[in-house]
Amino acid sequence: MPDLPSVLLCQFDSLEYYSYMILSARLTEANIKHDIEIIDSDSELLTKLSSEYSEYSIIGFYTCNTDYPRIVRISKEIKKNFKDKVLILGGPYPTLNPLNIDFNIIDFICIGAGEFYFHKWISEGRWEVKENYQNFVCDLSKPYKVLFVTDLDKSPKPNRDIYYKKYDFMKNMGIRRFLFSSGCPYRCSYCHNASFREKYKEYFKAVLFKSPEKAIQDMKEVLEKYPSYAISFSDDNFCINRKWLSEFLNLYKSEINKPFNMSTTINILTDDIIEELSRANLKTVRIAMETTNQKIRKEILNRPDYSNEDFEYKAAKLRKHGIKVVMLNMFCLPGQTLRDCVDAFKFARKNRVVMNTNILVPYKGTAIFSYCLDNDLLIDPSAAEGDLYSSGSSLKGEDMERMVTLQNYTFLLNYFNFFIPLILLFSKSSLFRNFSLRFIAPLNIAIMTLFQYTGLMPLSKIVVLGVKSFSAFKRKK
């Protein structure tokens, strides 16, 4: 049997990708050498490909919409300098937008989940042949499969060693991320989940959960090897399955009982659920309000049904149980005004919650991209998509640019509403807007990270996390 090629899995963010950890488990089982590379700079990656990664034949990229233009630039340089290396993209962008992929540069894409056949695509030598294999595609005009996970209990246990043995800051962070579900039942217009369901309805299951028993067992094994102060659940909506939640929390309380954070929506947070979460040691909850303008929330964003009053009531209940509330909001929405953004800051202050804001990026392949395109709202429909937290507006209008500036100062306006008129005044200047986007936006990310994790782990660990967040977003510029 010929020697198997080595695989390099690349990413830009300084966090553990569950998809990579699962692929690593499969590759390890198949005795395929592989490594992870968090890209600090494009030139540094190219240098490493000619030195420590010279023997790596397959280069993979997890690809979100915002990453694709940069990945294409890197891939052009790789192909120019290392003609024999095979480039493959996976993730939401190639799955939702396969027709947008430049196959003159990219050799293969994975449509759907890679965990089923990636290791076989390599071990059987398929990577060397320009032919479609299962859901690994190089020619969209030829038949191929679409594959999504349908049972999380059958997925391999994520291999965290691939990160923690290489990146000490991740191993020593003090908080462990877990993901025990996939998908979401809602059809929010800006989200990939809704687009997956629409495009691949015969293949894609809306919501999946790992069984509570297996989830707890996974946690125990990870925490025994890599202890932590706290837990962060990365599920889109941790509370969406009431039966699963109760069973899981009962086990978690008795066998783990570490402080944790998670995300959910207001409409499913009943008083009973809040009580259960509190007993299980919930310390911080992230709740996507998205906007306090209820008309935009319902008609444009297609959010689940809840009112501002619902949020106020639930936020008060959560605070009563000592649970910090992080309210997630978007700026630069279709139909949104500067007054709406100001109202959001005041709403957050009134309800004593931490507001975390981002800029709407209408991802290609989503309903809101089509809405913006149909209504001639986009500055440039063909432009590269920006970053959620540190980019300009995709929508036309000076007011949209000024909303970006308000978002850049979230860390300040969260707590000191009296600065709002001043920032609004300064935001009329393009020089101030450009300065804020370049220098304040990354700082905002770092500080908001500190606010979100305060109370979950020691300040020294939170500072490291903030610095890494700052660096990650500076790298994307």
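Our structure's up above, just so we're on the same page.
Here's what I pulled together on the structure shown here. Only a predicted model underlies this, so the values are computations on that prediction, with no experimental measurement involved.

Attention now moves to the overall build of the protein chain. Summing up its helical and strand segments, the protein chain has 20 helices and 14 strands in all. For 477 residues, the compact-globule formula gives about 23 Å, and the C-alpha radius of gyration of the protein chain, at 22 Å, lands near that figure. C-alpha atoms of the protein chain, sized along the principal axes, occupy 70 × 55 × 45 Å. A burial count over the protein chain gives 59% of its 477 residues as buried. Within the protein chain, contacts between residues separated by at least 24 positions form 72% of all contacts whose residues are at least 6 apart in sequence. Of the roughly 20,300 Å² of accessible surface on the protein chain, 53% is carried by carbon and sulfur atoms. Measuring between centres, the 65 positive side-chain charges of the protein chain sit 4 Å from its 55 negative side-chain charges.

In the structure shown here, the tally under the stated rule is 37 aromatic pairs. When the centroid spacing of 5.9 Å and the interplanar angle of 20° are considered together, the rings of F118 and F136 count as stacked. Highlighted residues: F118 in helix α5 (residues 118–123) and F136 in strand β6 (residues 136–137), separated in sequence by 18 residues. Residues F118 and F136 agree in their burial class; the two are buried. With a centroid separation of 5.6 Å and 50° between ring planes, the pair formed by F311 and F347 is classed as tilted.

Quick look at the pattern of salt bridges now. Taken as a whole and assessed by the stated rule, the structure comprises 30 salt bridges. A salt bridge links E221 to K157, with the shortest nitrogen-to-oxygen separation between them at 2.9 Å. Of this pair, E221 sits in helix α9 (residues 212–225) while K157 sits in the loop between β6 and α6 (161–164), and the two are 64 residues apart along the sequence. On the basis of relative accessible area, E221 is assigned to the partly exposed category, the value being 35%. What emerges from the salt-bridge pattern is a single network uniting D35, E37, E44, K48 and K166.

Moving on, we get to the nonpolar core. Among the nonpolar cores identified, the biggest contains 120 residues, and W121, F233, F248 and F260 are the most heavily contacted of them. Element by element, the count of residues in this core is highest for helix α14 (residues 338–350), at seven residues. Look past the residues within four positions of F233 in its chain and what remains in contact with it is F178, F180, M219, F238, F248, Y252, F260, N261, M262, S263 and R286. Judged by nonpolar contacts, the second largest core, of 32 residues, contains L49, F61, V146 and F148.

Another point: the sheet that holds strand β13 (residues 324–331). Spatially, six strands are ordered β7-β10-β11-β12-β13-β14 in an open sheet, and the strand pairing comes out parallel. Each end of this open sheet is capped by a strand with a single partner; those strands are β7 (175–178) and β14 (354–359). In this sheet, adjacent strand axes meet at a mean angle of 20° when their direction is disregarded. By the bridge criterion, four bridges tie β7 to strand β10 (residues 230–233) in an arrangement that is parallel. In the strand pairing of β10, R177 is matched with S232. In the packing of α9 onto the sheet, contacts are made with β7 and β10, and the angle to β7 comes to roughly 150°.

What follows deals with the sheet that holds strand β3 (residues 56–62). Spatially, β2-β1-β3-β4-β5-β6 is the arrangement adopted by the six strands of the open sheet, whose pairing is mixed. Here the strands that pair on one side only, and so sit at the sheet edges, are β2 (34–38) and β6. Pairing geometry for strand β1 (residues 6–11) and β3, over five bridges, is parallel. Across the sheet, residue C10 finds its bridge partner in β3, namely F61. Those strands touched by helix α2 (residues 42–49) are β1, β2 and β3, and its axis lies near 170° from that of β1.

In this section: unusual backbone geometry. Despite not being glycine, N257 shows a phi value in the positive range, around 55°. Following the sequence through the fold, N257 ends up in the loop between α10 (242–255) and β11 (260–264). Judged by relative accessible area, which is 33%, N257 ranks as partly exposed. Of note in the backbone geometry, N302 takes a positive phi value of approximately 55° without being a glycine. Judged by relative accessible area, which is 36%, N302 ranks as partly exposed.

Each regular strand shows side chains that alternate between the opposite faces of the sheet. Burial analysis of β14 places six of its six residues in the buried class, the great majority of the element. With burial as the criterion, each face of β14 is covered, one bearing V354, N356 and N358 and the other bearing M355, T357 and I359. As defined by bridge partners, β13 adjoins β14 across six bridges and the pair is classed as parallel. Bridging from a neighbouring strand, V326 pairs with V354 of β14.

Cut-offs applied
Residues numbered from 1 in each chain as written. Predicted model: local features only at pLDDT ≥ 70, side-chain atom pairs only at ≥ 80, totals over all residues. Heavy atoms only, no water. Helix = DSSP H or I, 4+ residues; strand = E, 2+ residues; numbered from the N terminus. Rg over C-alpha atoms; globule rule 2.2 N^0.38 Å. Buried < 20%, exposed > 50% of the residue type's maximum accessible area, 1.4 Å probe, protein only. Contact = heavy atoms within 4.5 Å. Areas by Shrake-Rupley, 256 points an atom, 1.4 Å probe, with all protein chains shown as cover. Lys, Arg positive; Asp, Glu negative; His and termini not counted. Charge placed at Lys NZ, Arg CZ, Asp CG, Glu CD. Phe/Tyr/Trp six-rings, centres within 6.5 Å; stacked < 30°, edge-to-face > 60°. Salt bridge = Lys/Arg side-chain N within 4 Å of Asp/Glu carboxyl O. Core = buried A, V, L, I, M, F, W, Y, C linked by side-chain atoms within 4.5 Å. Pairing = 2+ DSSP bridges. Axes fitted to C-alpha atoms, helices over the stretch in contact; angles between N-to-C directions.

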